[in-house]
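Here are the chains, one letter per residue:
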There are 2 protein chains.
Amino acid sequence: MEGISKESLQRLPTYLRYLNELHLNGIESVSSTTIADRFKLNPVTVRKDLAFISEDGGKPKTGFSVADLVAEISEFLGYNNTQDAVLVGVGKLGSALLGYKGFSNYGLNIVASFDCKTDIQIDSTKREINNISMLPDLVKRLGVNIGIITVPAESAQAVCDLMINSGIKAIWNFSPTHLITPDNIAIKNEDMAASLAVLSQRLTAILKNE
Amino acid sequence: MEGISKESLQRLPTYLRYLNELHLNGIESVSSTTIADRFKLNPVTVRKDLAFISEDGGKPKTGFSVADLVAEISEFLGYNNTQDAVLVGVGKLGSALLGYKGFSNYGLNIVASFDCKTDIQIDSTKREINNISMLPDLVKRLGVNIGIITVPAESAQAVCDLMINSGIKAIWNFSPTHLITPDNIAIKNEDMAASLAVLSQRLTAILKNE
DNA sequence: TAGATTGTTAATCGATTAACAATC
DNA sequence: TAGATTGTTAATCGATTAACAATC
């Protein structure tokens, strides 16, 4: 059995949100065509994606069971067993992520936050902010696998290295740098400039056509 | 002449950051191999990318002129002529984006922010927050093309529709919903759940191998 | 039955990578 | 000259899409 493609994987959370909506509205089944229309995809793409995670598949004429898909995608994405994470850099963006309730739906739980500017402090949401020097011990003690980086670009690589040395295995990087990491570490560089480049180029194309 | 691929386009800002660093350090030329090593890419990929934006190309044995590449990528990405944008939803994430100095480097200038909760108010960084009802008039008056959405999922589609009706042509959506937009609108759904899905899956694969 | 829908196989499309001659 | 590096053509790889038989 082959692994799921990165593209399919990224579509699954989108499907799940939509399926949850349908579920709430009491809709029991849905066709690949309906899902495809919602997201401007080809129905075959949707069927291929769902074939990966669906046990029973769909039924000709009726489509897929909404409840089954919700359960199976949630399970596949690991939303049922929560992963712990630490966050470093409690500036504006870091605070925003700390305050975001949605992560619990995605099976992510930020257990501690760190900054270099403080000794133990309490932020506006009554969470402790620890000094960065406490990170290695805490990560080792709790066996945390995921690190979230929201520090300025200059310090991001140092924070990354510290995380890896402490035993972190996956890094979600929101600072505007491409971090250098060994191959046995999962890394996701969240690059706003890259996103904006795609958006701007499409905008330019649209303006040119009008 | 073909358009640049989405993938190439997304790599360009990454190259540019690195090239700016080299430039600051007084390094005058760089080979595609060096750039490729930095980002774990194939050198041919880098050369293809640079071929798109580079006038003179590189020289055998020496490589590419750093200064030329910096100028050409900046120009290509539109970092030299700034685009105006409006932002709706001045919560934590919205405030973080408003406060982010880096956008000016990317040719993006947020000229006004809006929220539904307020009449005209002053936020912590002394910027005005306008009531959402002021948006259509301001967007039309200033001819703003870009809208940034940082409201909760429930209100995102309504904000999106309002933006489009007001003449916005490109939407950068940070709310956890996939927005429905006509084909003549540029849209970038910034999907944290999709990113996290990719990271988690890699993490699972790494943990399994150990 | 008729028709909507599924799942699969084959064709297409696009991006990455390999191979290699050209050149400084 | 020798060797590093470029740019391009061809091969490979992977994802999307088209075609179509199976089925409820």
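Just so it is clear, the structure is predicted and the values come from calculations on it, not from any experiment.

## Concerning the pattern of salt bridges
Residues and elements named next belong to chain B.
Thinking step 1. With the rule as written, the count across this model stands at eight salt bridges over all chains.
Thinking step 2. With a shortest N-O distance of 2.6 Å, Arg 11 and Asp 49 are connected by a salt bridge. Here Arg 11 is found in helix H1 (residues 6–24), whereas its partner Asp 49 is found in helix H3 (residues 43–53), with 38 residues between them in sequence.
Thinking step 3. Arg 11 gets classed as partly exposed once you look at its relative accessible area, which sits at 22%.

## Section: the domain arrangement of chain A
Thinking step 1. When cut into domains, chain A gives domain 1 (6–76) and domain 2 (83–194).
Thinking step 2. The distance between the C-alpha centroids of domain 1 of chain A and domain 2 of chain A comes to 32 Å.

## Regarding the packing of aromatic side chains
Thinking step 1. Across all of its chains, the model carries twelve aromatic pairs over all chains by this definition.
Thinking step 2. Ring centres 5.8 Å apart and planes at 65° place the aromatic pair Phe103(B) and Trp172(B) in the edge-to-face group. Taken together, the residues span a long stretch of sequence, with Phe103(B) in the loop between helix H5 (92–99) and strand E4 (108–115) and Trp172(B) in strand E8 (residues 170–173) at a distance of 69 residues.
Thinking step 3. Taken together, a centroid distance of 5.0 Å and an interplanar angle of 50° make the contact between Trp172(B) and Phe174(B) tilted. Judged on exposure class, the residue Trp172(B) and its partner Phe174(B) are both buried.
Thinking step 4. Members of the aromatic cluster, connected to one another through ring pairs, are Tyr100(A), Phe103(A), Trp172(A) and Phe174(A).

## Side note on the protein's contact with DNA strand D
Thinking step 1. As a structural note, the neighbourhood of DNA strand D is formed by 21 residues, with Lys48(A), Ser32(B), Arg47(B), Gly58(B) and Lys61(B) the closest of them.
Thinking step 2. Per the 4 Å cut-off to the protein, sugar and phosphate atoms form 61% of the nearby atoms of DNA strand D.
Thinking step 3. At 2.7 Å, a side-chain N or O of Arg47(B) approaches a base nitrogen of DNA strand D.
Thinking step 4. Lys61(B) is positioned with one of its backbone polar atoms (N or O) 3.3 Å from a sugar or linking oxygen of DNA strand D.
Thinking step 5. Of the residues contributing to the surface near DNA strand D, the split by class is five nonpolar, eight polar and eight charged.

## Brief notes about the pairing of strand E4 (residues 108–115) of chain A
Residue and element names in this part refer to chain A.
Thinking step 1. For E4, the buried fraction is high: six of the eight residues fall into the buried class.
Thinking step 2. Bridging between strand E3 (residues 83–88) and E4 involves six bridges; their strand directions are parallel. Along E4, the bridge assignment pairs Val 88 with Phe 114.
Thinking step 3. Sheet analysis places E4 next to strand E6 (residues 128–131), joined by three bridges and oriented parallel. Its bridge partner being in E6, Ser 113 is matched across the sheet by Ile 129.

## Considerations on the protein's contact with DNA strand C
Thinking step 1. Every one of the 21 residues lining DNA strand C counts as a neighbour, but Ser32(A), Arg47(A), Gly58(A), Lys61(A) and Lys48(B) are closest to it.
Thinking step 2. Close to the protein, within 4 Å, the atoms of DNA strand C are drawn from sugar and phosphate at a rate of 60%.
Thinking step 3. Measuring from a phosphate oxygen of DNA strand C, one finds a backbone N or O atom of Gly58(A) at 2.8 Å.
Thinking step 4. The side chain of Lys48(B) places a nitrogen or oxygen atom 2.9 Å from a base oxygen of DNA strand C.
Thinking step 5. If you list the elements that add at least two residues to the surface near DNA strand C, you get helix H3 (43–53) of chain A together with H1 and H3 of chain B.
Thinking step 6. A class-by-class count of the residues in the surface near DNA strand C yields five nonpolar, eight polar and eight charged.

## Structural notes on the relation of the copies chain B and chain A
Thinking step 1. Rotating chain B by 180° and moving it 0.0 Å along the rotation axis overlays it on chain A with an RMSD of 0.0 Å. A rotation of that kind, with that shift, is consistent with a two-fold axis. Relative to the rotation axis, the C-alpha of Leu93(B) is the closest in chain B, positioned 3.2 Å from it.
Thinking step 2. With an isologous cut-off of 70% or more, the 100% of interface residues of chain B that recur at the interface of chain A puts this contact in the isologous class.

Thresholds applied
Every chain is numbered independently, its residues counted from 1 as its sequence is written. For this description, chains carry letters from A and ligands carry numbers from 1, given in the order in which they are written. A pLDDT threshold of at least 70 governs which residues receive local features in this predicted model, and a stricter bar of 80 or more applies before side-chain atom pairs are shown or counted, although totals over entire chains, interfaces and linings include all residues. Based on all heavy atoms of the structure, the side-chain values leave hydrogens and waters out of the count. Within this document, salt bridges are pairs made up of a side-chain nitrogen of Lys or Arg and a carboxyl oxygen of Asp or Glu, the two lying within 4 Å of each other. By definition, any uninterrupted DSSP run of H or I lasting at least four residues is a helix, any uninterrupted run of E lasting at least two residues is a strand, and each is numbered from the N terminus. Three exposure classes are used, based on accessible area relative to the maximum for each residue type with a 1.4 Å probe and protein chains only: buried under 20%, partly exposed in between, and exposed over 50%. Note that the domain bounds were set by an automatic or database domain assignment. Note on aromatic pairs: the rings of Phe, Tyr and Trp (six-membered ring only in Trp) are paired at centre separations within 6.5 Å, and the planes decide the class, stacked below 30 degrees, edge-to-face beyond 60, tilted for the rest. We call a residue near a molecule or strand whenever a single non-hydrogen atom of that residue lies within 4 Å of it. Two N or O atoms count as a polar contact when they lie within 3.5 Å, although within protein this holds only if one can serve as hydrogen donor and the other as acceptor, and sequence-adjacent residues are included solely when both atoms are side-chain atoms. Note on residue classes: Ala, Val, Leu, Ile, Met, Phe, Trp, Tyr, Cys and Pro are nonpolar, Asp, Glu, Lys and Arg are charged, and everything else, Gly too, is polar. Pairs of strands are assigned from DSSP output, requiring at least two bridges between the strands. Only residues with pLDDT of at least 70 in both copies count here: their C-alpha atoms drive the least-squares fit that superposes the copies. Contacts between residues were defined by any pair of non-hydrogen atoms, one from each residue, lying within 4.5 Å.

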